[in-house]
Amino acid sequence: METLLQQKVDHLPQSPGVYQFKDKNNQVLYVGKAKRLRNRVRSYFRKSGDYDGRIRVMISKIEDVEVIVTDSEAEALILENNLIKKHHPRYNIMYRDDKSYPYICLTLDERPRVYPTRTVERDGSKYFGPYDHVGHMRRMLETIRKTFGLCTCAVTPKMVDRSKGVPRWHSCFEDYLQNCSGDWDIEVYQAAMENVERMLNGKTEELVSRLKDEMQIASDALEFEQAARIRDSIESVLKYNRKMKMVADKKVNRDLFALAVDEDIKEACGVLFKIREGKLIGKFHRFLKNIEDSTKGEMLQSFMEDYYTGQFAGAIPDEVYVSHELPDPDPLVEYLWQQLGRKVPLHEPKIGEKKQFINMALSNARLILGERKLEKEQAKRERIPQAVKDLKEFLHLQRLPRRIECFDISNIQGSDQVGSMVTFVDAKPKKSEYKKFHIKTVKGADDYASMQEVVERRCRHVMREGLQGPDLIVIDGGKGQLNAVLNVLEEINYKKHSEIIGLAKRLEEVFLPGKQNPVMIPKTSPALKLLQRVRDEAHRFAITFHKKKRSGRTIQTELTKINGVGDKTASVLLKEFGSVKKIASAELSELQKVSGPKTGQLIFNYFRDSEKES
């Protein structure tokens, strides 16, 4: 640690607060909270520290530390989460909101609005949900409308019928236009919104009790019409209540937190079950990233702290249960105590009903993570590399060349002639679909005819078997090779299945069918680099196959010169000893063990006689 930074750390206070590590550009690397700032910050710079991977890299970048002292750990927790949301530090656990689920929004206005949304804004509004099914959300909104006479439509300028000046949801205005809540006295309106928030928080029994008191007051005052409206409101709430799923025998208010991790995608999923008055009123989940070097307990604690200090929290429950032990629960416990006004038990259940609920939450977390993994794999499959897009543009192709097959021929003075085909999918080699070809119909060194044979065999096989053909065929060679292949593709009526080009190595010219002049792709273009990789891989694969065939033929010839040794015996010997040289120097007993007494003696005598002659 640099001397100036060391001095700064040594003089930090032993007080609760928040620390921010910064790099040389004054960018915030990491935000953390501590019960004793000096001890916590010092721990990062100890040589004996057991940090690894990502955190070690972060420590190497620290040039400065800034601290903010707070009066309590609970204050530090709130400040920490606010600073994380403000700076998005690279080395903090970060969250990905799943905004595909519906929420009910309660705006932060003098006359708050309540309406459905799928877009969560950090504007101070309260969001209730997410609802796992849009029907559940609509049932809640309908109950609010019938109970309190409030408009719950998500009205925007796009939804207004300009000819009539009202939203397109006519049913809403038919029900409430005569008694618009916008004309209510502000005290009445705000009282109604307080009851709405109680209902959204699942406090339906408390709400029904309050409404019954109001109905009794109206009845005693001989305001029977008002009492009848409140009676209908009570019935609406009770009807909604009967449809809610009871999950606990006791009418408890409880939050259940669980967390699952997927090492393959390096993400975790935190899940919350909100139980109010014994009913499961909602589920909430978020994905956690930057989780390397973090334990499940640390991740779960981070998820919980972010939730309770954020805009989704709602009412604090009477008790909280978790799937994993939290490493430092004190700040969160203190914060919940401050919010509720009494201590909130926080436990990891081991047996019984609560453990069953936690297991159910864990199952949900694993299921959601599995879906997330499938989404990422699908996105990866559908992601098209820029090189593929550029190649289409430069060559004016009709389709994206996502699947490319490249052909090459290899021989030495016409002997042991072979062909190769390599396959690239989305700019990456797919080696399981490489093909080798023994040239069968061409005698001598005729690259044009050999290329025709190889491409024709491949294309006929594709058509015959109904296989997936390439978007683009690349021929290693210039205009001559390209035209030769075009002729054979015309004969077998394959040209309509794939586009085709020739790539000449001397100047990296690309030849197109029917074009006199080649296309010159810029040397620095990813498109040209892709073509070069494809061509070079086809050449490497062909050369490797050619060498193997030539070597095999030479070795087999040497062994099969021996009377009584055929191809099969030669192959067995080579597999066992690895080379002709080792066979020649092997002991008689070793040879006889592999090839039998008689054949072993023949081989042994052959190589010993050869040594005498030399």
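It should be emphasised that the depicted structure is a prediction, and the values quoted were computed from it without experimental measurement.

(A) Quick look at the sheet that holds strand β6 (residues 114-117). Strand order across the open sheet formed by 3 strands is β6-β5-β7, with antiparallel pairing between neighbours. Edge positions in the sheet fall to β6 and β7 (126-128), since each has one partner strand and no second. The mean angle between the axes of side-by-side strands here comes to 30 degrees, regardless of whether they run parallel or antiparallel. Strand direction decides the pairing type here: strand β5 (residues 103-106) and β6, joined by 4 bridges, are antiparallel. In the sheet register, Leu 106 faces β6, and the bridge partner there is Val 114. Contacts from helix α7 (residues 186-200) reach β5, β6 and β7 within the one sheet, and its direction differs from that of β5 by about 155 degrees.

(B) Local environment of helix α13 (residues 386-395). When α13 is considered as a whole, its buried residues turn out to be Ala 387, Val 388, Asp 390, Leu 391 and Leu 395. Axial view of α13: buried residues confined to an arc of 165 degrees, hence all on one face. Phi for His 396, located one or two positions after α13, is positive at around 55 degrees.

(C) Quick peek at the packing of helix α17 (residues 567-577) against helix α19 (residues 588-595). Two elements in contact, α17 and α19, have axes separated by 10 Å at closest approach and are oriented at 125 degrees. Overall, the two elements α17 and α19 adopt an arrangement that is oblique. Here α17 and α19 pass one another in a crossing that is right-handed. Residues Thr 569, Val 572, Leu 573, Glu 576 and Phe 577 of α17 touch α19, and the partners they reach there are Glu 590, Leu 591, Val 594 and Ser 595.

(D) Geometry of a negative patch on the surface. Taken together, the side chains of Asp 109, Glu 110, Glu 121 and Asp 123 present a region of like negative charge at the surface. Within the secondary structure layout, Asp 109 lies in the loop between β5 and β6. Since its relative accessible area comes to 46%, Asp 109 is described here as partly exposed.

(E) Local environment of the sheet that holds strand β3 (residues 64-69). Spatial strand order, β2-β1-β3: 3 strands in an open sheet with antiparallel pairing. Strand pairing shows two members of the sheet lacking a second neighbour, β2 (28-34) and β3, which therefore form its edges. Across this sheet, the average inter-strand angle for adjacent strands is 20 degrees, counted without regard to direction. Strand direction decides the pairing type here: strand β1 (residues 17-22) and β3, joined by 6 bridges, are antiparallel. The residue of β3 that forms the bridge with Gln 20 is Glu 66.

(F) Quick look at the packing of helix α14 (residues 447-465) against helix α15 (residues 479-491). Where α14 contacts α15, the two axes come as close as 9 Å, and the packing angle between them is 40 degrees. In terms of orientation, α14 and α15 fall into the oblique class. Considering the relative orientation of α14 and α15, their crossing is right-handed. Contacts between α14 and α15 pair Tyr 448, Met 451, Gln 452, Val 455, Glu 456 and Cys 459 from the former with Gly 480, Gln 481, Ala 484, Val 485, Asn 487, Val 488 and Leu 489 from the latter. When grouped by side-chain class, the residues that make up the contact of α14 with α15 number 8 nonpolar, 4 polar and 1 charged.

(G) Examining the pattern of salt bridges more closely. All chains considered together, the criterion is met by 29 salt bridges. Residue Arg 254 is joined to Glu 353 by a salt bridge in which the shortest nitrogen-to-oxygen separation is 3.8 Å. One end of the pair, Arg 254, is in strand β10 (residues 254-262); the other, Glu 353, is in helix α12 (residues 352-382), and 99 residues separate them in sequence. On the basis of relative accessibility, which here comes to 30%, the residue Glu 353 falls in the partly exposed class. Salt-bridge contacts for Glu 537 lead to Arg 540; the nearest nitrogen and oxygen are separated by 2.8 Å. Taken together, the positions of Glu 537 and Arg 540, both in helix α16 (residues 526-560) and 3 residues apart, correspond to about one turn of that helix. On the basis of relative accessible area, Glu 537 is assigned to the buried category, the value being 13%. What makes Arg 540 partly exposed here is its relative accessible area of 38%.

About the cut-offs
- Residues numbered from 1 in each chain as written.
- Predicted model: local features only at pLDDT ≥ 70, side-chain atom pairs only at ≥ 80, totals over all residues.
- Heavy atoms only, no water.
- Pairing = 2+ DSSP bridges.
- Helix = DSSP H or I, 4+ residues; strand = E, 2+ residues; numbered from the N terminus.
- Axes fitted to C-alpha atoms, helices over the stretch in contact; angles between N-to-C directions.
- Contact = heavy atoms within 4.5 Å.
- Buried < 20%, exposed > 50% of the residue type's maximum accessible area, 1.4 Å probe, protein only.
- Arc of directions from axis to C-beta.
- Parallel < 35°, antiparallel > 145°, perpendicular 65-115°, else oblique.
- Left-handed = near helix turned anticlockwise from the far one by under 90°.
- Patch = residues over 30% accessible without salt bridge, like charges linked within 9 Å, V, L, I, M, F, W, Y side chains within 5 Å.
- Areas by Shrake-Rupley, 256 points an atom, 1.4 Å probe, with all protein chains shown as cover.
- Salt bridge = Lys/Arg side-chain N within 4 Å of Asp/Glu carboxyl O.
- Lys, Arg positive; Asp, Glu negative; His and termini not counted.
- Charge placed at Lys NZ, Arg CZ, Asp CG, Glu CD.
- Nonpolar A, V, L, I, M, F, W, Y, C, P; charged D, E, K, R; others polar.

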